[in-house]
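Examination of the molecular architecture
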Amino acid sequence: MNCPICQGRGYSFEDRQGYAVVVPCTCQNARRLQQSLQAAGIPRAYWNFTLQLKPKDHRQTLVAGGPAAARIHEPSLKEPFMKTKASQTTAIRRCRKLAEDLLAALLHGEKREVKGLLLYGPCGVGKTHLLGTLLTDLVYEGLSQVQFVDYAQLLRRLRFSYQSGGGGEQAVLEPLAGYKVLVLDDLGGETTENLAWVQDVLGFILTERQNRDLPTLITTNYPDEGQLPPVRGENARPNTYLVDRIGQRLRSRLYELCPLEVMSGLDLRPFLS
Ligand SMILES: [Zn+2]
């Protein structure tokens, strides 16, 4: 699809005191932005959302409940939905504040302590959407060097890299240590039975990023032991608490680096289709 101003050339002409001067076309800003979002690994579905209250661009403000809200007002579902919505609203507010702090510290060089975030909640409450939107905001504001990574996909890439002689840890994991902000999506969602290896990978990432004072933002479906009922449903395994997936030592480290935010309530996904 060609730009109506420059017909895809990427530049246009501007009249300056009678001379035609070549200037980059405004479409090039949008293109650069898209390239940055893509390079950051942010799923396209989140590119049109923002945590800002009044977006000045074409994006939509992320609201609790989202598009599902209008559809689930049958009496039996109303109460759990209200609970979900309240916890979503809290999580959105917290992420908005976090985004502001990250920009202040990492883009504008202000002295602010920035911690990571561990966003827990059952499937479908919008954890990934929330962190995908947060990262999109950072890119829009001009913070490059951020990355969105699906944890299971990362492990698959790592395994493939070992098998194909692609450099393993050095090629796949080390770059993750240097991103200014890293989102690890769906921690514990991997299917491998080699938990020691999974823990090593997470341990490496957290330690390297802690050494550089860089925040890691994580989503997980796995509740903490004793705090909430374990995960049920088709993906449930015998060990279904977070501590069973990542071990006691990493769990303490994770809680120290990434304060917990709980999003509760029902799975909204059946209502989204
Ligand atoms: Zn153009």
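A few points on the structure. (Residues numbered from 1 in each chain as written. Predicted model: local features only at pLDDT ≥ 70, side-chain atom pairs only at ≥ 80, totals over all residues. Heavy atoms only, no water.)

Our next topic: the environment of R159. Counting through the fold element by element, R159 comes out in helix 4 (residues 151-163). Residue classification places R159 among the partly exposed residues on the basis of a relative accessible area of 33%. In this structure, the C-alpha to C-alpha distance between R159 and E169, residues ten residues apart in sequence, is 9.6 Å. (Helix = DSSP H or I, 4+ residues; strand = E, 2+ residues; numbered from the N terminus. Buried < 20%, exposed > 50% of the residue type's maximum accessible area, 1.4 Å probe, protein only.)

Here we take up the coordination of the zinc ion. Only C3 (SG), C6 (SG), C25 (SG) and C27 (SG) from the protein reach the zinc ion as donors, at distances of 2.3 to 2.4 Å. Coordination at the zinc ion is tetrahedral, judged from the four donor atoms that bind it and the angles of 105 to 114° they form at the metal. Sequence spacing among the residues donating to the zinc ion works out to C-x2-C-x18-C-x1-C. Highlighted residues: C3 in the segment before strand 1 (11-16) and C25 in the loop between strand 2 (19-24) and helix 1 (27-39), separated in sequence by 22 residues. Given the relative accessible area of 13%, C3 is considered buried. Here C25 falls in the buried class, since its relative accessible area comes to 3%. (Donors = N, O, S within 2.8 Å, 3.2 Å for Na, K, Ca; no water. Tetrahedral: all angles 85-135°; square planar, octahedral: opposite > 155°, others 65-115°.)

Enumeration over the complete set of coordinates arrives at two aromatic pairs. The interplanar angle of 90° and the centroid separation of 5.9 Å between the aromatic rings of Y11 and F13 together place this pair among those described as edge-to-face. Ring geometry for Y162 versus W197: centroids 6.2 Å apart, planes at 55°, classification tilted. Taken together, the residues span a long stretch of sequence, with Y162 in helix 4 and W197 in helix 7 (residues 195-211) at a distance of 35 residues. A relative accessible area of 37% places Y162 in the partly exposed class. Sitting above the plane of the Y11 ring, R9 keeps its charged end 5.3 Å from the centroid. A cation over a ring is seen here: R59 above Y140, with NZ or CZ 3.5 Å from the ring centre. (Phe/Tyr/Trp six-rings, centres within 6.5 Å; stacked < 30°, edge-to-face > 60°. Lys NZ or Arg CZ within 6 Å of the ring centre and 35° of its normal.)

Together, Y11, F13 and V22 give the surface a local cluster of nonpolar side chains, amounting to about 290 Å² of exposed area. Relative to the assigned elements, V22 resides in strand 2. (Patch = residues over 30% accessible without salt bridge, like charges linked within 9 Å, V, L, I, M, F, W, Y side chains within 5 Å. Areas by Shrake-Rupley, 256 points an atom, 1.4 Å probe, with all protein chains shown as cover. Salt bridge = Lys/Arg side-chain N within 4 Å of Asp/Glu carboxyl O.)

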